[in-house]
Amino acid sequence: MTRILTLVIYAVAAALAIAFGRRERSQVPTVEELLGKVMVTRTGRACSLLFWLWVGWHFFAR
Amino acid sequence: MTHDTTRAERPPTAVVVTSTSTLSWRWPLIAVTLVYSFIVGGLRTFTPASNVAIFGTGAIFLAIALFRPPKRVPPPRSLERRGIMAWTIMLGVFSVQEIANDLLGSSYAHPTLSILMTPILDHQLFRAVAVFVWIAVGVELLRR
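Residues numbered from 1 in each chain as written. Chains lettered and ligands numbered in written order. Predicted model: local features only at pLDDT ≥ 70, side-chain atom pairs only at ≥ 80, totals over all residues. Heavy atoms only, no water.

K.L.:
Before we move on, can you summarise the overall build of chain A with the specific residues and values?
P.N.:
Across its full length, chain A holds 3 helices and 0 strands. Expected size for 62 residues packed as a compact globule is a radius of gyration near 11 Å; at 15 Å, chain A overshoots this value by more than 25%. Principal axes of the C-alpha set define a box for chain A whose edges measure 45 × 40 × 15 Å. In chain A, buried positions account for 35% of the 62 residues. Accessible surface, chain A: about 3,900 Å² in total, of which carbon and sulfur atoms supply 70%. (Helix = DSSP H or I, 4+ residues; strand = E, 2+ residues; numbered from the N terminus. Rg over C-alpha atoms; globule rule 2.2 N^0.38 Å. Buried < 20%, exposed > 50% of the residue type's maximum accessible area, 1.4 Å probe, protein only. Areas by Shrake-Rupley, 256 points an atom, 1.4 Å probe, with all protein chains shown as cover.)

Below, the structure written as structure tokens:
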């Protein structure tokens, strides 16, 4: 039961991440817009790139 | 006077050359990335080779970000508070679920994303696709 709940939560999160902001006049930003905002500051850029590197290491090297 | 006329008559070659140059590099780069992804996708985890491949890629991207960043896509002017709230809630629920499952042992009953991805990433082809997507996300991050 907890496994199914987990799968549902992950599936919904993935679907929302793709769907957010795609509707016309949506108040919710798309993932690209959100990233664009995060990447404005040097700290945001550094954290995003380091997180990206960690994801690669976690899934492909570790 | 003559100098001004020459400048006025000069066609905007720089813009055209930049655009053509970008396009001419795009497909060879994609092809090289596909081959590289397939090679990295074939490396076994927990090996020096896979670590070198991932950290090497990361080092190249960090160097580009620091010393030769590409032309960036302009950021959005402002984001709606409700929109940010929607993302915060979604990412919050996802993170809580991930942390809770990790604390509960990351098992079949309480799987983290890593556990769910392991059987998929065991296949070289899927793994290569995932590496390619990872690199593509990195490129997109550099442009933001």
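There's plenty left to go through after this.
K.L.:
Lay out the environment of Ile30 of chain B in plain terms, naming residues and giving numbers.
P.N.:
Residue and element names in this part refer to chain B. Tracing the sequence through the fold places Ile30 in helix α2 (residues 13–41). Residue classification places Ile30 among the partly exposed positions, given a relative accessible area of 27%. In the structure, Ile30 is positioned 78 residues away from Tyr108 in sequence and 37 Å away in space, judged by C-alpha atoms.

K.L.:
Please provide a residue-by-residue account of the interface of chain B and chain A, values included.
P.N.:
Facing the 50 residues of chain B at the interface are 36 residues of chain A. Around 4,100 Å² of area is buried between chain B and chain A when both sides are counted, 73% of it from carbon and sulfur atoms. On the chain B side of the contact with chain A, Trp87, Leu141 and Arg144 of chain B bury the most area, a combined 18% of that side's loss. At the boundary of chain B and chain A, one finds 15 residue pairs in polar contact (both at pLDDT 80 or more). Contributing elements (two or more residues each) for the side of chain B that touches chain A: α3 (48–67), α4 (81–103), α5 (113–121) and α6 (124–143) of chain B. A per-element tally of the side of chain B that touches chain A places α4 of chain B first, with 11 residues. Of the residues that constitute the side of chain B that touches chain A, the class distribution is 29 nonpolar, 14 polar and 7 charged. (Contact = heavy atoms within 4.5 Å. Buried area = accessible area lost by both parts, 1.4 Å probe. Polar contact = N/O pair within 3.5 Å; in protein donor to acceptor, adjacent residues only side chain to side chain. Nonpolar A, V, L, I, M, F, W, Y, C, P; charged D, E, K, R; others polar.)

K.L.:
How would you sum up the packing of aromatic side chains? Please name residues and give values.
P.N.:
For the structure shown, the criterion picks out 6 aromatic pairs over all chains. Both rings, one in Phe20 of chain A and one in Trp87 of chain B, keep their centres 5.0 Å apart while their planes meet at 70°; by these two values the pair is edge-to-face. Pair noted here: Phe20 of chain A is in the loop between α1 (2–19) and α2 (31–38) and Trp87 of chain B is in helix α4, and the two residues belong to different chains. Residue classification places Phe20 of chain A among the buried residues on the basis of a relative accessible area of 12%. Here the aromatic rings of Phe51 of chain A and Trp54 of chain A are separated by 6.0 Å at their centres, their planes lie at 25°, and the arrangement is stacked. Within this pair, Phe51 of chain A and its partner Trp54 of chain A are both found in helix α3 (residues 42–60), separated by 3 residues, close to a single helical turn. In textbook terms, an aromatic cluster arises when at least three aromatic residues are bridged by ring pairs, as seen for Trp52 and Phe60 of chain A together with Phe61 and Trp134 of chain B. The cationic tip of Arg3 of chain A hangs over the ring face of Tyr108 of chain B; the distance from NZ or CZ to the ring centre is 3.8 Å. (Phe/Tyr/Trp six-rings, centres within 6.5 Å; stacked < 30°, edge-to-face > 60°. Lys NZ or Arg CZ within 6 Å of the ring centre and 35° of its normal.)

K.L.:
Please give an account of the environment of Ala86 of chain B that cites residues and values.
P.N.:
Relative to the helices and strands, Ala86 of chain B is located in helix α4. In this structure, Ala86 of chain B is in contact with Phe20 and Val28 of chain A, ignoring residues within four places of it in sequence.

K.L.:
So what's going on with the layout of surface pockets? Residues and values would help.
P.N.:
Any empty space left between atoms is shown by rolling a water-sized probe over those atoms. By volume, the largest pocket amounts to about 1,700 Å³. Lining the largest pocket are 37 residues, and of these Phe51 and Val55 of chain A together with Leu91, Phe94 and Leu113 of chain B lie nearest its centre. Every element with two or more residues in the lining of the largest pocket is listed here: α1, α2 and α3 of chain A together with α4, α5 and α6 of chain B. Per-element accounting of the lining of the largest pocket gives the leading share, 9 residues, to α3 of chain A. (1 Å grid on protein atoms, 1.4 Å probe; cavity = no way out; pocket = protein on both sides within 12 Å on 5 of 7 lines; lining within 4 Å. Points joined across faces, edges and corners; volume = space filled by probe spheres on them.)

K.L.:
Any details on the packing of α3 of chain B against α6 of chain B? Residues and values, ideally.
P.N.:
Residue and element names in this part refer to chain B. Between α3 and α6, the least distance of the axes is 10 Å, while the angle of their chain directions is 15°. On the basis of their axis angle, the class for α3 and α6 is roughly parallel. By crossing handedness, the relation of α3 to α6 is classed as right-handed. Here Ile54, Thr57, Phe61, Ile64 and Ala65 of α3 come into contact with α6, specifically with Trp134, Ile135, Gly138, Val139 and Leu142. (Axes fitted to C-alpha atoms, helices over the stretch in contact; angles between N-to-C directions. Parallel < 35°, antiparallel > 145°, perpendicular 65-115°, else oblique. Left-handed = near helix turned anticlockwise from the far one by under 90°.)

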